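Coordinates in review
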Amino acid sequence: MPEAATSISVLLPSAEKCGACALALRDAVEGIDGVSFAELGARLSTISSTYDPSTVSENDLRAEIRGAGFELAEAVSHESYKVTGLDCPDCASTVAKSVGYLDGVISAELNFASGVLLVEFDPSADPRGEVVETLGKMGYGAESVAEARSRAVAEFALNGLACDECAGRVTDGLERVAGVSGVRLSYEAPVVRIGYDPKRA
C-alpha cells in the first residue's frame, strides 16, 4: 500500500510559537510507528506527515499527534523577560548561556535587538526566580514581559527642561515615588513615560 499524507493544526504551549517546542513535536511525530516524515508549517501552527496507512490509520495518527502536543504542553513552560543594560550581541549570547545552565531551564534565547529573553523550563523545577536573580548579579535588569504588559503607563509632555542634567533630576525624583517601576524621559521630545502600579501610585 502506498504512503499517505495528512496535515493537522497543532497548538504549541508557547504564545511565542517556541521553535524548540515545534522541533520537539516534530521529532515526537516522526517517532510514531508508521510515520516516515513530519514537517512543520511556516507559522508553526500545522504539522504535515507522511505515513504508512497499513501501520497506522489517519484517525489514530491524528490522535497520537494531539496526545504528543498535550504531553509537550504539560512538560514545558515558558517565560519571556525584557532585559535592560545589554551592550552588544556577545553580551546577549553570554546571558543566554548563563541562564541556560540554571537547573530546570531547558533552553534560553536572548534577542539582542529586542532585548527579549525567552526561557523554556521544566514547570516542576520553576527556575524563574533564579533567572531574575542571575541577571541581576550579571548587572542586567529583567522584567517579565507579561508583568510589563499588565502595568499601567502614564505619559506626560514636559515644559522648561533646559539640559540633560535637569532631565536626570526629574527621572531620579520620579523613580523614588512609591509604586513607580520605570521611568523613560526623552529630553529631545520632551516626554516622560512612567510605568506604575495603580494600587500604590
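Refer to the structure presented above.
Structure report, in brief.

1. What to know about helix α6 (residues 164–175)
Under the 1.5 Å per step criterion, the end-to-end length of α6 is 16 Å for twelve residues, consistent within 8% with the ideal 16 Å. All of the buried residues in α6 are Cys166, Ala167 and Thr171. When α6 is viewed along its axis, its buried side chains cluster within an angular range of 135 degrees and face the same direction. With respect to the buried face of α6, the exposed residues turned more than 90 degrees away are Glu165 and Arg169.

2. As for the sheet that holds strand β6 (residues 116–121)
Taken together, the four strands give an open sheet; going across it, the order is β5-β6-β4-β7, and neighbouring strands pair in antiparallel fashion. Two strands close off the open sheet at either side, each with one partner strand: β5 (105–111) and β7 (141–144). The average undirected angle you get between the axes of adjacent strands in this sheet is 25 degrees. One ladder, built from four bridges, connects strand β4 (residues 77–84) with β7; its direction is antiparallel. Among the inter-strand pairings, Val83 is bridged to a residue of β7, identified as Ala142. In this fold helix α3 (residues 89–100) packs onto β5 and β6, with an angle of close to 165 degrees to the strand it touches most, β5.

3. Looking at the sheet that holds strand β2 (residues 35–40)
As summarised here, the arrangement of the three strands in space is β1-β3-β2, forming an open sheet in which the pairing is antiparallel. Across the chains shown, the open sheet's two edge strands, defined by having one partner strand only, are β1 (4–9) and β2. Along the sheet, successive strands turn relative to each other by an average axial angle of 20 degrees, direction set aside. With six bridges connecting them, β1 and strand β3 (residues 46–51) associate as antiparallel partners. Bridge pairing in β3 places Ala4 opposite Tyr51. Together, β1, β2 and β3 form the strand contacts of helix α2 (residues 58–75), whose direction differs from that of β1 by roughly 40 degrees.

4. Things to note about the pattern of salt bridges
Inspection of every chain in the model, using the stated rule, returns seven salt bridges. For Lys137, the salt bridge is made with Glu133, and the minimal N-O distance between the two is 3.2 Å. You can see Lys137 and its partner Glu133 sitting in helix α4 (residues 128–137), four residues apart, about one turn around the helix. Judged by its relative accessible area of 45%, Glu133 is partly exposed.

5. Here we look at the pairing of β4
Where a strand is regular, its side chains alternate between the two sheet faces. Two strands pair when backbone bridges link them, and β4 and β6 are joined in this way by six bridges, in the antiparallel orientation. Among the inter-strand pairings, Tyr81 is bridged to a residue of β6, identified as Leu117.

6. Observations regarding unusual backbone geometry
With phi around 40 degrees, Asp126 is a residue other than glycine that occupies positive phi space. Position of Asp126 among the secondary structure elements: in the loop between β6 and α4.

7. A word on the environment of Tyr140
Here Tyr140 is to be found in the loop between α4 and β7. Spatially, the C-alpha atom of Tyr140 lies 5.7 Å from that of Thr84, the residues being 56 residues apart in sequence. In contact with Tyr140, not counting residues within four places along its chain, are Val83, Thr84, Gly85, Leu86, Cys91, Val95 and Leu135.

Definitions and cut-offs
- Residues numbered from 1 in each chain as written.
- Predicted model: local features only at pLDDT ≥ 70, side-chain atom pairs only at ≥ 80, totals over all residues.
- Heavy atoms only, no water.
- Helix = DSSP H or I, 4+ residues; strand = E, 2+ residues; numbered from the N terminus.
- Expected span 1.5 Å × (residues − 1).
- Buried < 20%, exposed > 50% of the residue type's maximum accessible area, 1.4 Å probe, protein only.
- Arc of directions from axis to C-beta.
- Pairing = 2+ DSSP bridges.
- Axes fitted to C-alpha atoms, helices over the stretch in contact; angles between N-to-C directions.
- Contact = heavy atoms within 4.5 Å.
- Salt bridge = Lys/Arg side-chain N within 4 Å of Asp/Glu carboxyl O.

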